[in-house]
Amino acid sequence: MSFHDHLMPCSEMEDEESRHYRARLNHTFVLFAMAGLACFLLFDYFQVPDAWPTLWLGRFLLLGVCVLCVTLLRRQPRRPDDIALLGAVCANLYFCFGATMIQDAITLSLWNLSFSTSMLIAMPAWLVWGWRYQLVSSLPLILGYLPLFLWLSPLSLKDLAGAGGAYMIATMIMAPALAHARSSTFLRTVKLRRALEVRNAELSHMNQQLLTQQHELEYRANHDLLTGLPNRRFGFDFLERMLAESTSTRQCMSILFVDVDRLKHVNDSFGHAEGDRLIQLVARSVGLAAGEDGLACRLGGDEFLVVMPGACDMASQQATTQLMRHLQEQRLQQQIPFPVEVSIGRVTHDPVLQGDVDVDDLIHIADDRMYRQKRARRRAMAGANDPQA
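Description of the structure in this document. Numbering of residues begins from 1 in every chain and follows the order in which that chain's sequence is written. Only residues with pLDDT of at least 70 are given local features in this predicted model, and only at 80 or more are side-chain atom pairs given and counted; all residues enter the totals for whole chains, interfaces and linings. The basis for every side-chain value is the complete set of non-hydrogen atoms in the structure, without hydrogens or water.

Thoughts on unusual backbone geometry
Consideration 1: Unusually for a residue other than glycine, Arg 250 sits at a positive phi of about 60 degrees.
Consideration 2: Note on conventions: DSSP H or I runs of at least 4 residues are helices, E runs of at least 2 residues are strands, and numbering of each starts at the N terminus. Mapped onto the elements, Arg 250 comes out in the loop between helix 10 (232-249) and strand 1 (253-260).
Consideration 3: Buried, partly exposed and exposed residues are distinguished by accessible area as a fraction of the type maximum, computed with a 1.4 Å probe on protein chains only: under 20%, between the cut-offs, and over 50%, respectively. Note on Arg 250: relative accessible area 42%, which makes it partly exposed.
Consideration 4: In the Ramachandran plot, Arg 262 falls in the positive-phi region, its phi being about 60 degrees despite a non-glycine side chain.
Consideration 5: On the secondary structure map, Arg 262 appears in the loop between strand 1 and helix 11 (263-270).

Focus: helix 5 (residues 80-99)
Consideration 1: One less than the residue count of a helix, multiplied by 1.5 Å, gives the span that helix is expected to have. In this model, helix 5 (20 residues) spans 29 Å end to end at C-alpha, consistent with the 28 Å of a helix rising 1.5 Å per residue.
Consideration 2: Counted residue by residue, helix 5 has 15 buried out of 20 residues, so it is predominantly covered.

Quick look at a nonpolar patch on the surface
Consideration 1: Residues Trp 131, Leu 135, Leu 139, Ile 142 and Leu 143 make up a contiguous nonpolar surface patch of roughly 440 Å² in combined accessible area.
Consideration 2: Counting residues per element, the ones that place at least two in the nonpolar patch are helix 7 (130-137) and helix 8 (139-152).
Consideration 3: Per element, the largest residue contribution to the nonpolar patch is three residues, and it comes from helix 8.
Consideration 4: Relative to the helices and strands, Leu 135 resides in helix 7.
Consideration 5: We classify Leu 135 as partly exposed; its relative accessible area is 34%. To count toward a patch, a residue needs a relative accessible area above 30% and no salt bridge. Like charges then connect within 9 Å, nonpolar side chains (Val, Leu, Ile, Met, Phe, Trp, Tyr) within 5 Å. In this description, accessible areas are obtained by the Shrake-Rupley approach with a 1.4 Å probe, and a residue is regarded as covered only by the protein chains that are shown. Definition used for salt bridges: Asp or Glu carboxyl oxygen within 4 Å of a side-chain nitrogen of Lys or Arg.

Some words on the sheet that holds strand 4 (residues 342-349)
Consideration 1: Here the rule is simple: two strands pair whenever DSSP picks up at least two bridges between them. The sheet built from four strands is open, its strands ordered 2-3-1-4 with antiparallel pairing. Two strands lie at the open edges of the sheet, namely strand 2 (295-300) and strand 4, each paired on one side alone. For this sheet, the mean angle separating the axes of adjacent strands, direction not counted, is 20 degrees.
Consideration 2: In this analysis, two residues are considered to be in contact whenever any of their non-hydrogen atoms come within 4.5 Å of each other. Fitted lines through C-alpha atoms give the axes, limited to the stretch in contact for helices. The angle between two N-to-C directions lies from 0 to 180 degrees. Of the strands in this sheet, strand 1, strand 2, strand 3 (303-309) and strand 4 touch helix 12 (residues 272-290), which is tilted by about 10 degrees from strand 3.

Examining the environment of Thr 117
Consideration 1: Mapped onto the secondary structure, Thr 117 falls in helix 6 (residues 105-126).
Consideration 2: Owing to a relative accessible area of 33%, Thr 117 belongs among the partly exposed residues under this scheme.
Consideration 3: Residues Thr 117 and Val 70, 47 residues apart in the sequence, show an inter-C-alpha distance of 22 Å.
Consideration 4: Aside from chain neighbours lying at most four places away, what touches Thr 117 is Ala 122 and Tyr 167.
Consideration 5: Any N or O atom pair separated by 3.5 Å or less is treated as a polar contact, with the protein-specific requirement of one donor-capable and one acceptor-capable atom, and with residues adjacent in sequence counted only for side-chain atom pairs. Here the side chain of Thr 117 touches Tyr 167 through a polar contact of 2.9 Å, side chain to side chain.

Overview of the side chain of Asn 92
Consideration 1: Among the secondary structure elements, Asn 92 is positioned in helix 5.
Consideration 2: When neighbours within four sequence positions are excluded, Asn 92 is seen to be in contact with Met 119, Ser 137, Ser 138, Pro 140 and Leu 141.

Points about the packing of aromatic side chains
Consideration 1: Side-chain rings of Phe, Tyr and Trp, where Trp is taken by its six-membered ring, are said to pair if the distance between their centres is within 6.5 Å; with planes under 30 degrees apart they count as stacked, over 60 as edge-to-face, and otherwise as tilted. For the structure shown, the criterion picks out 18 aromatic pairs.
Consideration 2: Ring geometry for Tyr 21 against Phe 186: centres 5.7 Å apart, planes inclined by 5 degrees, an arrangement best described as stacked. One end of the pair, Tyr 21, is in helix 2 (residues 16-39); the other, Phe 186, is in helix 9 (residues 157-222), and 165 residues separate them in sequence.
Consideration 3: Both rings, one in Phe 95 and one in Phe 115, keep their centres 4.7 Å apart while their planes meet at 5 degrees; by these two values the pair is stacked. One end of the pair, Phe 95, is in helix 5; the other, Phe 115, is in helix 6, and 20 residues separate them in sequence.
Consideration 4: Here Phe 115 falls in the buried class, since its relative accessible area comes to 11%.
Consideration 5: An aromatic cluster is defined as three or more aromatic residues linked by ring pairs; in this entry it consists of Tyr 94, Phe 95, Trp 111, Phe 115, Tyr 145 and Phe 149.

Written out as C-alpha cells, the structure reads:
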C-alpha cells in the first residue's frame, strides 16, 4: 500500500475525473497561497525590520516550492494530495521559524493569526485530502513550533499565549475535523454521482429497449411480416393522402391492384412453403414497380396494391410491364417449378379530367379491372385446352 493509500484509505472510490477535480482544487489553492506570500513581503519589511531579509529569503524559497507544486500538479495530476502536502509542510516549517524572529507580541499575534487561518482553516476547508493528510501537514506545528519558540524566540510563553497561541491550539484541533468533513462530503458526492451515472445508464438502456420495442410494435402494426411490405391499413392511409394531394395539386396518380393467380393450386400441389415463396417473389416485384416515390403494400392473402403518385397512364403501363418482366426474371433465376402469374387492375386518376373521387372508388375500379383480366385469362386458358377450339 502506498503512502497516499495509507493517508486516503477511501481513495479507491474515486475515478479519474474526481482526481483531476482535486488536482484543480489543489492547483488553485497553491496559486492563492503564492499570492498571499507575496502580499506579506511588506509586512515582513515594516513589522520585522531586524529580520526581514531572512524572512524574505524564506518566503522566496517557499514561493519556489509553490512553483514546483504547481508544475507537478499540471504534469502529475494523479497525486495531487502528496504534492500539496509537500507545499504545506514547507509552509508550516517557515511559519515555525518565522515566529521565532519576531520580537514583539502584537506582530507575533498578527503572524500567528494569519498563518493559522490560512493553514488550519482555509486549507482544510478548500482541499479534499482528509484528516490524515491535514494531521501530517500540521506535524511541524505540533512538534516544532513550541520547542523552536522556547529555544530561539526572545518572547515568553505568556507573550505567546496572548499572541494567538490559544487560537492556534483551537485551529489545530479543528483542522482535522474540518478536513474530514470536507473529504467525507466530497466522497459522498463522488459515490452519489457514480450511483447516478449507473442509474442514468440503466434508465438509458431501458429507454433504448422501450424505443426498440416501440419501433418493433410500430413495424408489426404497419407491415406484413412475410413480405416486409406495408400492410393494408398503412397502404390505404398512404393512398388517401396521395389522393388528397393529387386533388389539390391537380396532378395524375395511378394505382395497380395485383392479385396472385393460382396461389391455392401452388399451396395444395407444392406446399405452403412454396406458396410463401411465391408471395415473397411477387412482393419484391411490386415493390420495384412502386418506385422511390410510390408505395407497394400487401392487402392480405394474394392481393397487393401499388400506389404511384404523379404517374400518368403511360407511366403506370410501364410499371405494369416492368412488374411482369421482373416476375419472369425472378422465376428463371430461382428455378421455380410452377408458373408465376398475376392479374393486375390498373387505374389512372386525372383530377382535371375526371373530377374528385375517393379511395373506395379507385379500389373498386381497380378491383373490377383486375377480375376482368383474371376472367379473360381463364377463358383464354380454357379455350387453349378445349380440343374443339
